2 protein chains.
Amino acid sequence: MNQNNAIELYDTTLRDGTQGEKINLSVQDKLLIAEKLDEFGVDYIEGGWPSSNPKDEEFFRKALDLKLKNARVSAFGSTARKPGSIADDPNLTGLLRSQTPAITIFGKTWKAHSAVGLGLTDEENAELIFESVRHLKEEGREVLFDAEHFFDGYKDNPAFALKMLQAAEEAGAERLVLCDTNGGTLPHEIYDIITQISSSTSVPLGIHTHNDGDLAVANALSALRAGATHVQGTINGIGERCGNANLISIIPNVVLKMNGRFRHKLQLNQLTALSKFVYEILNLPPDNRAPFVGRSAFAHKGGIHVSAVLKESSLYEHIDPKSVGNRQRVLVSELSGQSNIRYKARELGIALPEDNAALFRTMVQRIKKLEHEGYQFDVAEASFELLLRHEMGEFQPFFEVLESKVHIESGKNREAVDQAVMKVEVNDEIELTAADGDGPVNALDKALRKALRRFYPEIRNMSLVDYKVRVLEEKKGTSAKVRVLIESSDKENTWSTVGVSTNIIDASLQALSDSINYHLFNCRTKPLETLREATPC
Amino acid sequence: MNQNNAIELYDTTLRDGTQGEKINLSVQDKLLIAEKLDEFGVDYIEGGWPSSNPKDEEFFRKALDLKLKNARVSAFGSTARKPGSIADDPNLTGLLRSQTPAITIFGKTWKAHSAVGLGLTDEENAELIFESVRHLKEEGREVLFDAEHFFDGYKDNPAFALKMLQAAEEAGAERLVLCDTNGGTLPHEIYDIITQISSSTSVPLGIHTHNDGDLAVANALSALRAGATHVQGTINGIGERCGNANLISIIPNVVLKMNGRFRHKLQLNQLTALSKFVYEILNLPPDNRAPFVGRSAFAHKGGIHVSAVLKESSLYEHIDPKSVGNRQRVLVSELSGQSNIRYKARELGIALPEDNAALFRTMVQRIKKLEHEGYQFDVAEASFELLLRHEMGEFQPFFEVLESKVHIESGKNREAVDQAVMKVEVNDEIELTAADGDGPVNALDKALRKALRRFYPEIRNMSLVDYKVRVLEEKKGTSAKVRVLIESSDKENTWSTVGVSTNIIDASLQALSDSINYHLFNCRTKPLETLREATPC
């Protein structure tokens with residue numbers, strides 16, 4: 001890797017990323033992500049393809065008002081379609097209209113694409129590239145040239161591929177970005193090709209890879225080692241087919257392992273937060289197994305290994321999780337030994353009955369049994385804590401649901417009805433309430449809160465922020481068991497609870513009850529100083 | 001890559017794979033996967049760690065009865081704990097008791113692990129390795145030595161790491177498997193280290209990598225290029241933390257791109273099926289973005305690009321999807337142009353109104369609107385087909401749900417009740433039915449079928465095989481919109497339908513209705529010759 005030159009970080013989450021299946025971003029979403037990328041220290045933000053859809057045009061209009069500290073916004077599009085009509089080309093016109101300081105245009109560098117796809121001679125293709133780049137340069141923009149299908153093209157016909165790079169260079173392109181558009185090139189091929197061509201141009205080289213061979217990150221690193229100084233990718237590797245090169249993986253590899261330097265100082269310890277933020281905006285569940293930032297990335301399972309990890313983390317973790325804003329976790333799971341449960345309890349600040357082996361064994365058995373039934377405590381730590389404290393006699397539920405009834409009606413031409421009736425016992429008093437809701441679970445939630453409000457006014461301070469249903473044993477069709485995970489919050493803290501049943505309403509009620517109990521337990525029982533983080537009640 | 005030597009495929013899905021978060025396999029699951037791996041052409045199947053848990057011991061007992069054609073089963077465990085007590089070591093005894101033809105034992109090759117972790121001198125550690133391997137060899141087993149933390153160890157202290165390899169070699173180990181246990185090594189480091197050490201041993205070298213740097217596949221390929229002839233990994237890359245090297249990606253890269261040869265002829269066109277099979281057994285949703293085998297791996301989105309792909313696939317796909325048992329797809333999505341919808345319709349055998357531009361525009365608008373509301377047609381093609389045919393006047397629903405009521409009761413010390421009442425209109429006749437079920441959705445399903453049975457006896461031949469709920473706008477808590485996806489089957493075919501509502505019962509009812517309508521439409525309306533695959537009715 002060229003240690004003298006800082007590496008430029010070019011993000012295309014907002015453009016190439018949105019080509020991915022199930023990926024949709026509104027203009028507002030895109031603006032939020034752009035601000036976050038700038039804050040993190042990205043150099044270029046590719047915002048969209050202005051002439052491809054009105055949403056992208058609106059983004060560029062609104063992006064003019066963003067106050068960016070580090071990044072330049074770039075618009076993406078193709079070279080002109082026909083030589084000789086540059087000034088009227090709708091694509092180039094759209095790019096200029098976007099008013100971005102930088103413009104990235106792609107041109108064909110694989111002969112077959114130019115000859116078969118567009119029916120152009122080599123000269124015509126070179127001219128298109130030259131004229132398009134020059135036109136944009138004349139309008140005072142910074143121009144980055146994306147050499148589409150470069151590696152496949154170079155392997156097929158190196159002279160053709162180089163001729164096209166040269167055309168872009170002669171027209172004044174500021175960067176030549178070599179694209180592995182189909183994503184099938186191998187890391188050593190990338191290294192060899194860049195090494196071969198780097199003497200033939202004085203323009204800084206960039207790399208843009210896709211993950212079709214499961215090698216996008218390796219390919220990008222390979223290019224940087226061979227002398228490229230500009231790397232393109234997306235947050236979380238989203239993108240068409242198997243995705244783009246994942247900047248979330250490239251960045252820490254470059255900084256922590258390859259001794260590389262980016263142009264701006266990056267907020268590396270915000271890497272996990274950045275990844276989560278983008279998943280959140282995309283309304284996609286995060287990938288727990290994601291390198292560096294995944295929930296499981298520093299999660300240890302298995303009794304023997306865990307005790308060793310606790311002794312000396314650096315022998316078992318390739319980097320310090322804190323450096324990327326992640327953290328070490330020990331999994332409470334079926335495979336776990338008792339040491340995992342002890343570790344988890346310590347993490348949660350629960351003193352286990354060290355002197356009562358029989359009680360501890362009973363607890364382990366009970367946890368294993370529940371996990372076997374489908375309860376998943378590693379993602380529902382509040383339920384896990386209540387369970388442990390209950391077994392140890394520290395916690396008793398604040399209420400008991402004696403009866404619950406849900407009535408749902410819908411039909412042609414009439415108002416839908418979702419009504420819950422709940423009979424709850426608190427301190428020997430019985431409260432019967434009913435509530436209408438927006439869906440049965442919402443009705444249930446409202447009825448339960450209504451019943452409890454008189455006894456526990458502090459439940460007003462908490463609310464549900466997330467609700468997830470997973471069908472277990474999916475092959476059983478509609479009678480399958482479901483697991484409901486609920487995330488609740490009181491503004492300061494969030495906590496997760498779980499319920500399992502063949503009945504979604506029943507599973508929801510379990511998770512709801514746990515959530516409320518957890519909040520009340522924290523407010524009423526725990527002395528404030530034992531709380532890891534203060535919980536306002 | 002050494003072209004003379006065939007590469008050995010060593011699968012550790014059943015052992016290292018099960019260390020992954022949320023991964024659980026029963027003994028029966030493991031046996032099913034082992035048979036499938038053997039069929040595919042894997043050389044070694046690592047079945048578990050016999051002394052770590054009783055489940056693994058049971059697996060090895062039952063694995064003795066498997067009729068394997070290609071693979072040898074291997075048991076995994078550590079070297080003895082203390083020098084001088086080899087014969088009584090519980091771990092080695094457990095390994096021998098498993099009666100597997102091959103045994104894989106791991107030993108420390110990073111000095112810090114041996115010195116700090118176990119408190120051993122260099123000589124003691126070498127002796128442990130030597131004695132353990134020799135003991136297993138004397139019992140007539142094939143012994144593979146896993147050099148734990150080899151790359152970190154070699155970078156730290158090459159002499160120590162090599163001394164340990166030598167101890168294993170001298171004791172007769174048949175393979176020296178170099179492990180990147182913490183998963184943090186870079187591909188060029190792997191290449192350089194293996195190139196450096198390969199002359200110092202005559203034992204075939206293996207590679208075992210983890211994905212903590214997002215480089216597990218690249219690292220494995222790097223080792224094979226440097227001369228390793230044995231590669232370890234798991235199906236779908238499952239495994240602890242970020243997972244193991246993904247054999248599903250390594251295999252096609254080696255065969256299709258590196259001109260490599262495996263010891264057994266692999267059923268490469270079964271690769272996608274193998275990946276799905278393992279996901280199915282794990283009860284995990286497949287990764288749509290997975291390279292080579294993912295549902296999105298050859299999925300094209302975006303109007304312009306799609307028309308080019310249809311012209312000449314090989315210019316846009318790094319390999320032929322059929323070679324790995326996958327297929328090309330065109331996505332119907334918000335981003336799609338009209339050409340995507342046309343392509344999809346053609347794929348489904350639907351003749352669009354080519355001569356009626358206004359009608360086609362209305363259809364496109366309607367699809368966009370529904371997608372905006374949360375309907376997802378790329379995973380619910382049956383609903384999409386009904387929608388198109390309905391817009392074109394070819395399909396009318398076979399029934400209308402006039403009213404639906406669901407009543408759910410549960411409570412302390414009493415039987416839970418899930419009851420649905422349904423009023424359905426068919427050909428001007430009204431049918432009122434009620435059914436009890438196992439959960440509200442199941443009750444609804446039963447009541448609907450009961451109402452329709454008299455009119456459409458052929459619904460007996462179909463059943464629901466999968467039911468998935470996704471909460472949209474998760475931040476809205478329990479009143480959020482949900483999307484229900486239902487997969488149905490009539491033994492010959494399966495089809496997917498979708499429903500969206502803030503009410504899970506209502507969303508389920510939409511998807512159920514679509515599913516039944518689709519079945520009836522195929523049975524009653526489509527002439528058999530127009531069906532892509534015959535649907536028995």
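Because the structure is predicted, anything quoted here is derived from the model rather than measured.

What counts as what
- Residues numbered from 1 in each chain as written.
- Chains lettered and ligands numbered in written order.
- Predicted model: local features only at pLDDT ≥ 70, side-chain atom pairs only at ≥ 80, totals over all residues.
- Helix = DSSP H or I, 4+ residues; strand = E, 2+ residues; numbered from the N terminus.
- Contact = placed C-beta atoms within 7 Å.
- Pairing = 2+ DSSP bridges.
- Axes fitted to C-alpha atoms, helices over the stretch in contact; angles between N-to-C directions.
- Least-squares fit on C-alpha atoms with pLDDT ≥ 70 in both.
- Domains from an automatic or database assignment.
- pLDDT = per-residue confidence, 0-100.
- UniProt positions renumbered as here; feature names shortened; annotations may be inferred.
- Buried ≥ 20, exposed ≤ 12 C-beta atoms within 10 Å, placed from the backbone.
- Nonpolar A, V, L, I, M, F, W, Y, C, P; charged D, E, K, R; others polar.
- Left-handed = near helix turned anticlockwise from the far one by under 90°.
- Expected span 1.5 Å × (residues − 1).
- Arc of directions from axis to C-beta.

### Some details on the overall build of chain A
Here is step 1 of the chain: Per the secondary structure count, chain A includes 17 helices and 16 strands.
Here is step 2 of the chain: For chain A, the spread of C-alpha atoms along the three principal axes comes to 90 × 65 × 45 Å.
Here is step 3 of the chain: Contacts spanning at least 24 positions in sequence make up 69% of the contacts within chain A whose residues lie at least 6 apart.

### Some points on the sheet that holds strand 16 (residues 494-501) of chain A
All names here are of chain A.
Here is step 1 of the chain: Taken together, the three strands give an open sheet; going across it, the order is 14-15-16, and neighbouring strands pair in antiparallel fashion. Pairing within the sheet leaves two strands with one partner each, and these edge strands are strand 14 (463-471) and strand 16. When strand polarity is set aside, the average angle formed by the axes of neighbouring strands in this sheet is 20°.
Here is step 2 of the chain: Inspection of the sheet shows strand 14 paired to strand 15 (residues 482-489) by eight bridges, in the antiparallel sense. Note that in strand 15 the partner of Asp-466 across the bridge is Glu-487.

### Quick word on the relation of the copies chain A and chain B
Taken together, a rotation about one axis and a shift along it account for how the two chain copies relate.
Here is step 1 of the chain: Relative to chain B, chain A is turned by 180° and slid 0.0 Å along the rotation axis, the superposed coordinates differing by an RMSD of 0.1 Å. Overall, the copies show the geometry of a two-fold rotation axis. Closest to the rotation axis within chain A is the C-alpha of A:His407, separated from it by 2.4 Å.

### Re the domain arrangement of chain A
Here is step 1 of the chain: When the domains of chain A are assigned, the result is domain 1 (8-266), domain 2 (358-395 + 461-537) and domain 3 (399-455).
Here is step 2 of the chain: Taking only C-alpha atoms, the centre of domain 1 of chain A and the centre of domain 2 of chain A are 46 Å apart.

### Some details on the confidence of the model for chain A
Here is step 1 of the chain: The pLDDT averaged across chain A works out to 88; a share of 93% of its residues lies at or above 70.
Here is step 2 of the chain: Reported for the predicted complex are a pTM of 0.76 and an ipTM of 0.76.

### Some words on the UniProt feature "domain: Pyruvate carboxyltransferase" (unreviewed entry) in chain A
Here is step 1 of the chain: Sites flagged by UniProt as "domain: Pyruvate carboxyltransferase" (unreviewed entry) map to residues 7-272 of chain A.
Here is step 2 of the chain: Split by type, residues 7-272 of chain A is 41% helix and 17% strand. Its first and last C-alpha atoms lie 21 Å apart.

### Considering helix 4 (residues 111-118) of chain B
Here is step 1 of the chain: Within helix 4 of chain B the residues assigned to the buried category are B:Lys111, B:His113 and B:Ser114.
Here is step 2 of the chain: Within two residues after helix 4 of chain B, B:Gly119 carries a phi angle of roughly 65°, on the positive side.

### Looking at the pairing of strand 16 (residues 494-501) of chain B
Every other side chain in a regular strand lies on the same face of the sheet, so the side chains alternate between the two faces.
Residues and elements named next belong to chain B.
Here is step 1 of the chain: Burial runs high along strand 16: six of the eight residues are buried.
Here is step 2 of the chain: Of the pairings in the sheet, the one linking strand 15 (residues 482-489) to strand 16 comprises eight bridges and is antiparallel in character. Within the sheet, the bridge partner assigned to Leu-485 lies in strand 16 and is Val-498.
Here is step 3 of the chain: Linking strand 15 back to strand 16 in an antiparallel pair, the connection comprises four residues, with Lys-491 at a positive phi of about 80°.

### Brief notes about the sheet that holds strand 6 (residues 175-180) of chain A
Residues and elements named next belong to chain A.
Here is step 1 of the chain: The strand order 1-2-3-4-5-6-7-8 describes a closed barrel built from eight strands, whose pairing is parallel. The mean inter-strand angle of the sheet, taken between neighbouring strand axes irrespective of direction, is 25°.
Here is step 2 of the chain: Judged from the four bridges that link them, strand 2 (residues 44-48) and strand 3 (residues 72-78) form a sheet pairing that is parallel. Note on strand 3: the bridge partner recorded for Tyr-44 is Arg-72.
Here is step 3 of the chain: Strands strand 4 (102-108) and strand 5 (142-148) of the sheet are contacted by helix 5 (residues 122-138), whose axis makes an angle of about 175° with strand 4.
Here is step 4 of the chain: Each of strand 6, strand 7 (205-209) and strand 8 (230-233) is contacted by helix 9 (residues 216-225), which is oriented at about 170° to strand 7, the strand it contacts most.

### Some remarks on the interface of chain A and chain B
Here is step 1 of the chain: Taken together, the contacts link 93 residues of chain A with 93 residues of chain B.
Here is step 2 of the chain: Counting residues per element, the side of chain A that touches chain B draws most heavily on strand 11 (residues 400-411) of chain A, at 11 residues.
Here is step 3 of the chain: Looking at the side of chain A that touches chain B residue by residue, the classes come out as 33 nonpolar, 34 polar and 26 charged.
Here is step 4 of the chain: Both strand 11 of chain A and strand 11 (residues 400-411) of chain B contribute to a ladder of nine bridges, which runs antiparallel. If you follow A:His407 over to strand 11 of chain B, its bridge partner there is B:His407.

### Points about the packing of helix 16 (residues 440-453) of chain B against helix 17 (residues 504-524) of chain B
All names here are of chain B.
Here is step 1 of the chain: Packing of helix 16 against helix 17 leaves a shortest axis separation of 10 Å and a crossing angle of 40°. As helix 16 packs across helix 17, the resulting crossing turns out to be right-handed. Contact residues: Pro-440, Val-441, Leu-444, Asp-445, Leu-448 and Leu-452 in helix 16; Ile-505, Ser-508, Leu-509, Leu-512 and Ile-516 in helix 17.

### Examining the environment of B:Gln28
Residues and elements named next belong to chain B.
Here is step 1 of the chain: Tracing the backbone through its elements, the reader meets Gln-28 in helix 1 (residues 27-40).
Here is step 2 of the chain: For Gln-28, a count of 12 C-beta atoms within 10 Å gives the class exposed.
Here is step 3 of the chain: Taking the C-alpha atoms as reference points, Gln-28 and Phe-59, separated by 31 residues in sequence, lie 8.0 Å from one another.

### Some remarks on the pairing of strand 11 of chain B
Residue and element names in this part refer to chain B.
Here is step 1 of the chain: The pairing of strand 11 with strand 12 (residues 414-426) spans 10 bridges and is antiparallel. By the bridge assignment, Ile-408 is partnered in strand 12 with Asp-418.
Here is step 2 of the chain: Connecting the antiparallel pair strand 11 and strand 12 is a turn made up of two residues, with Asn-413 showing a positive phi of about 55°.

### A word on unusual backbone geometry
Here is step 1 of the chain: We note that A:Asn427 has phi near 45°; this positive angle belongs to a residue other than glycine.
Here is step 2 of the chain: Positive phi values are uncommon outside glycine, yet B:Asp428 reaches one of about 65°.
Here is step 3 of the chain: Relative to the helices and strands, B:Asp428 resides in the loop between strand 12 and strand 13 (429-436).
Here is step 4 of the chain: The class of B:Asp428 is exposed, set by 5 C-beta atoms lying within 10 Å.

### Some thoughts on helix 7 (residues 158-170) of chain B
All names here are of chain B.
Here is step 1 of the chain: A rise of 1.5 Å per residue sets the reference length of helix 7, with its 13 residues, at 18 Å; its end C-alpha atoms lie 18 Å apart and thus fit the reference within 8%.
Here is step 2 of the chain: Regarding helix 7, the residues found buried are Phe-160, Ala-161, Met-164, Leu-165, Ala-167 and Ala-168. Projected onto a plane normal to the axis of helix 7, the buried residues spread over an arc of 155° and lie on a single side.
Here is step 3 of the chain: Next to the buried residues of helix 7 lie strand 4 (102-108), helix 4, helix 5 (122-138), strand 5 (142-148), helix 6 (150-156) and strand 6 (175-180).
Here is step 4 of the chain: Phi turns positive, to about 105°, at Gly-172, one or two residues after helix 7.

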